Amino acid sequence: METKQKKRPAKEERTVLKRGGRQEERRDAPSADEILVGRNAVFEALKAGRGINRILVAQGAKDAALAPLLALAREHSVPVRPSTRQKLDLLAPDLRHQGVLAYAAPVAYASLDDVFKRAEEEGEPPLLLLLDEIEDPHNFGALLRTADAAGVHGVLVPERRSCALTATVAKTAAGAVEHVPVVRIGNIVQEMKRLKERGLWFAGADMAGEKDLFHADLKGALCIVIGSEGKGLGRLVKETCDFLVRIPMHGKINSLNASVAGALLMYEARRTRLLKKA
């Protein structure tokens, strides 16, 4: 694929609750084994390194009692969101939650250092997948399954406006969550810029790409970026990509499901690496 000159060195299930005449949306309906309740349970899970998607803290909870937990959450980059006691009561009925509830992930999140170390141990330039606001857990799970099959070293997901690691994701991934490191990141564009300093190039999947995936240069240290199901790549994310890749479409439909598009790009990247070794 034509690239810029190298000048530099979940839609999860949603439930709507009505409160005070207005609608409030709850992003997911977690199963019992995805919820941790109480200050001690959440604190010990964080200390043990268990994967936590986010923590809800009731408004008005005593700051002094929560200080150690909140500090540990910051240390592990776990998002903490304010909530109401009514919402916590609905999520954990008949349980003494003490104003604290956590959404647990089926596996622990990895770090970027883990991903780069894995690539180094395999003797390959890093091959990563970045998901730009993928919200459907089935798409997320399917992408993880293909990432494992295609030898992707790690998958990056933003903590906001994105599907988290849930039981639905794990089930769809058919065990791949146990083998593919998933890294939670903050601002996508800022993280992309930092990773460029570590030598990564970003290829965004977009129908406006200058080259199709069969003629794209997907060798070397690469991160494939897949956009959300409805909107595709965000404007700033697209502008931050080093190049855009399009998938040839010869039928009447002009786009593919996010997980299918991601699978095609991941396997094309793997194919070019196999050819390079041959």
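In what follows, the structure referred to is the one given above.
So, a few notes on the structure that sits alongside this text. Because the structure is a prediction, the values reported are computed rather than measured. (Residues numbered from 1 in each chain as written. Predicted model: local features only at pLDDT ≥ 70, side-chain atom pairs only at ≥ 80, totals over all residues. Heavy atoms only, no water.)

**As for the pattern of salt bridges**
Now for step 1: Per the counting criterion, the structure on display carries 14 salt bridges.
Now for step 2: With a shortest N-O distance of 3.5 Å, Lys196 and Asp242 are connected by a salt bridge. With Lys196 in helix α7 (residues 188-196) and Asp242 in the loop between α8 (235-240) and β13 (243-246), the pair connects residues that are 46 residues apart, well separated along the chain. Comparing Lys196 with Asp242, the two get one shared label, buried. (Salt bridge = Lys/Arg side-chain N within 4 Å of Asp/Glu carboxyl O. Helix = DSSP H or I, 4+ residues; strand = E, 2+ residues; numbered from the N terminus. Buried < 20%, exposed > 50% of the residue type's maximum accessible area, 1.4 Å probe, protein only.)

**With respect to the sheet that holds strand β9 (residues 182-185)**
Now for step 1: The strand order β9-β8-β7-β12-β10-β13-β11 describes an open sheet built from seven strands, whose pairing is parallel. Of all strands in the sheet, those with a lone pairing partner are β9 and β11 (211-212), marking the two edges.
Now for step 2: Packed on one face of the sheet, helix α5 (residues 137-149) meets β7 (127-131), β8 (154-158) and β9 and runs near 155° to β8.
Now for step 3: α7 rests against β7, β8, β9 and β10 (201-205) of the sheet, and its axis sits at about 140° to β10. (Pairing = 2+ DSSP bridges. Contact = heavy atoms within 4.5 Å. Axes fitted to C-alpha atoms, helices over the stretch in contact; angles between N-to-C directions.)

**Quick notes on a nonpolar patch on the surface**
Now for step 1: A grouping of Leu256, Val260 and Leu264 is seen on the molecular surface, where their side chains present a nonpolar patch of about 210 Å² in accessible area.
Now for step 2: Inspection of the secondary structure assignment puts Val260 in helix α9 (residues 258-277). (Patch = residues over 30% accessible without salt bridge, like charges linked within 9 Å, V, L, I, M, F, W, Y side chains within 5 Å. Areas by Shrake-Rupley, 256 points an atom, 1.4 Å probe, with all protein chains shown as cover.)

**Points about α7**
Now for step 1: All buried positions along α7 are accounted for by Ile188, Val189, Glu191, Met192, Leu195 and Lys196. For α7, the buried positions fall inside an angular range of 160° around the axis, keeping them on one side.
Now for step 2: Those residues of α7 hidden inside the fold are in contact with α4 (112-121), β7, β8, β9, β10 and α8.
Now for step 3: Sitting at the amino-terminal end of α7 is Asn187, which places a side-chain oxygen 3.1 Å from the backbone nitrogen of Val189. (Arc of directions from axis to C-beta. Polar contact = N/O pair within 3.5 Å; in protein donor to acceptor, adjacent residues only side chain to side chain.)

**As for the packing of helix α1 (residues 39-47) against helix α2 (residues 63-75)**
Now for step 1: For the pair α1 and α2, the least separation of the axes is 10 Å and the interaxial angle reads 30°. As the angle between them shows, α1 and α2 are arranged roughly parallel. For the pair α1 and α2, the crossing hand works out as left-handed. Residues Arg39, Val42, Phe43, Leu46 and Lys47 of α1 lie in contact with α2, whose contacting residues are Ala65, Leu66, Pro68, Leu69, Leu72 and Ala73.
Now for step 2: Split into classes, the residues belonging to the contact of α1 with α2 amount to nine nonpolar, no polar and two charged. (Parallel < 35°, antiparallel > 145°, perpendicular 65-115°, else oblique. Left-handed = near helix turned anticlockwise from the far one by under 90°. Nonpolar A, V, L, I, M, F, W, Y, C, P; charged D, E, K, R; others polar.)

**Remarks on the packing of aromatic side chains**
Now for step 1: In this structure the tally under the stated criterion is zero aromatic pairs.
Now for step 2: The side chain of Arg54 reaches across the aromatic face of Tyr103, ending 4.0 Å from its centre.
Now for step 3: The ring of Phe116 has Arg198 sitting right over it, with the charged end atom 4.0 Å from the ring centre. (Phe/Tyr/Trp six-rings, centres within 6.5 Å; stacked < 30°, edge-to-face > 60°. Lys NZ or Arg CZ within 6 Å of the ring centre and 35° of its normal.)

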